[in-house]
Amino acid sequence: MRLKMNPFFVSASGKLDPSHDSENMVYVLNNKTYSRKVCNPRDLNKKPYSSNEQNIRTWFTQAYASVRTILSDPTQADEQLALYKANPGKYHSLRTWLFAKEYAKLKNA
């Protein structure tokens, strides 16, 4: 684990416990440091994903791919940004607004 210390705790990265690689994590998102621990990991051999869970995972992947495609094209990104600003709501960023819009399209199709 690597720590960068100032008068206040600034950041940390790496694994907390080498014996639990994916269960204990520290990560930085939007300049904030978070840690998480998976307490009861799912054993996919005993309880595989249901068809509904597989659909949700597929919709999530497709919606996120659509958002990346839209944001990579400057023309589409500008159009969507104008729509986002014209319709203020509960979403705090263009990316989350687009994701919700694309996910709803896939779910309702």
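Residues numbered from 1 in each chain as written. Predicted model: local features only at pLDDT ≥ 70, side-chain atom pairs only at ≥ 80, totals over all residues. Heavy atoms only, no water.

S.K.: Sorry, what's going on with the overall build of the protein chain here?
M.R.: Scanning the protein chain from terminus to terminus reveals three helices and four strands. Of all 109 residues assigned to the protein chain, the portion counted as buried reaches 15%. As displayed, the protein chain offers around 8,800 Å² of accessible surface, 54% of which is attributable to carbon and sulfur atoms. (Helix = DSSP H or I, 4+ residues; strand = E, 2+ residues; numbered from the N terminus. Buried < 20%, exposed > 50% of the residue type's maximum accessible area, 1.4 Å probe, protein only. Areas by Shrake-Rupley, 256 points an atom, 1.4 Å probe, with all protein chains shown as cover.)

S.K.: Explain a nonpolar patch on the surface here, please?
M.R.: A cluster of nonpolar side chains, Tyr27, Leu29 and Tyr34, forms an exposed patch at the surface whose accessible area comes to about 280 Å². As for its position among the elements, Tyr34 is in strand E4 (residues 32–37). The class of Tyr34 is partly exposed, set by a relative accessible area of 34%. (Patch = residues over 30% accessible without salt bridge, like charges linked within 9 Å, V, L, I, M, F, W, Y side chains within 5 Å. Salt bridge = Lys/Arg side-chain N within 4 Å of Asp/Glu carboxyl O.)

S.K.: Even after reading the chapter, I still don't get the nonpolar core, so can you show me in this structure?
M.R.: Across soluble globular proteins, you tend to see nonpolar side chains buried next to one another. Counting residues in each nonpolar core, the largest one holds ten residues, listed as Trp59, Ala63, Val67, Ile70, Tyr84, Leu94, Trp97, Leu98, Phe99 and Tyr103. When contributions to this core are tallied by element, the ones reaching two or more residues are helix H1 (51–72) and helix H3 (94–108). Broken down by element, this core gets its largest block of residues, five residues, from H3. Every residue in contact with Leu94, bar those within four places of it in the chain, is listed here: Leu71, Ala77, Gln80, Leu81 and Tyr84. (Core = buried A, V, L, I, M, F, W, Y, C linked by side-chain atoms within 4.5 Å. Contact = heavy atoms within 4.5 Å.)

S.K.: How should the packing of helix H2 (residues 74–86) against H3 be read in this particular structure?
M.R.: Helices that pack against each other are described as a pair by the angle of their axes relative to one another and the distance between those axes. At their nearest, the axes of H2 and H3 sit 10 Å apart, and the two run at 90° to each other. The orientation of H2 relative to H3 falls into the category roughly perpendicular. Contacts from Ala77, Gln80, Leu81, Leu83 and Tyr84 in H2 reach Leu94, Trp97, Leu98 and Lys101 in H3. A class-by-class count of the residues in the contact of H2 with H3 yields seven nonpolar, one polar and one charged. (Axes fitted to C-alpha atoms, helices over the stretch in contact; angles between N-to-C directions. Parallel < 35°, antiparallel > 145°, perpendicular 65-115°, else oblique. Nonpolar A, V, L, I, M, F, W, Y, C, P; charged D, E, K, R; others polar.)

S.K.: Even after reading the chapter, I still don't get the side chain of Gln80, so can you show me in this structure?
M.R.: Among the structural elements, Gln80 can be located in helix H2. Classification of Gln80 as buried rests on a relative accessible area of 13%. In contact with Gln80, other than residues within four places in its own chain, are Ile70, Leu94, Trp97, Leu98 and Lys101.

S.K.: What's the story with H3 in this structure? I'm lost.
M.R.: Since one α-helical turn is 3.6 residues long, residues separated by three or four positions face the same way. Between its first and last C-alpha atoms H3 spans 21 Å; for 15 residues at 1.5 Å apiece the expected length is 21 Å, and the two agree. Along H3, the positions that sit buried rather than exposed are Leu94, Trp97, Leu98, Phe99, Glu102 and Tyr103. (Expected span 1.5 Å × (residues − 1).)

S.K.: Just to check I follow, could you spell out the pattern of salt bridges for this structure?
M.R.: When their charged atoms lie close together, side chains carrying opposite charge are able to pair. Per the counting criterion, the structure on display carries two salt bridges. A salt bridge links Glu53 to Arg42, with the shortest nitrogen-to-oxygen separation between them at 3.1 Å. Note that Glu53 is positioned in helix H1 and Arg42 in the loop between E4 and H1, a separation of eleven residues in sequence. Its relative accessible area of 34% is what places Arg42 among the partly exposed residues. Here Lys105 and Glu102 are joined by a salt bridge, their closest N and O atoms 3.2 Å apart. Here the residue Lys105 and the residue Glu102 both occupy positions in helix H3, the gap between them amounting to three residues, near one helical turn. When its relative accessible area of 10% is taken as the criterion, Glu102 is described as buried.

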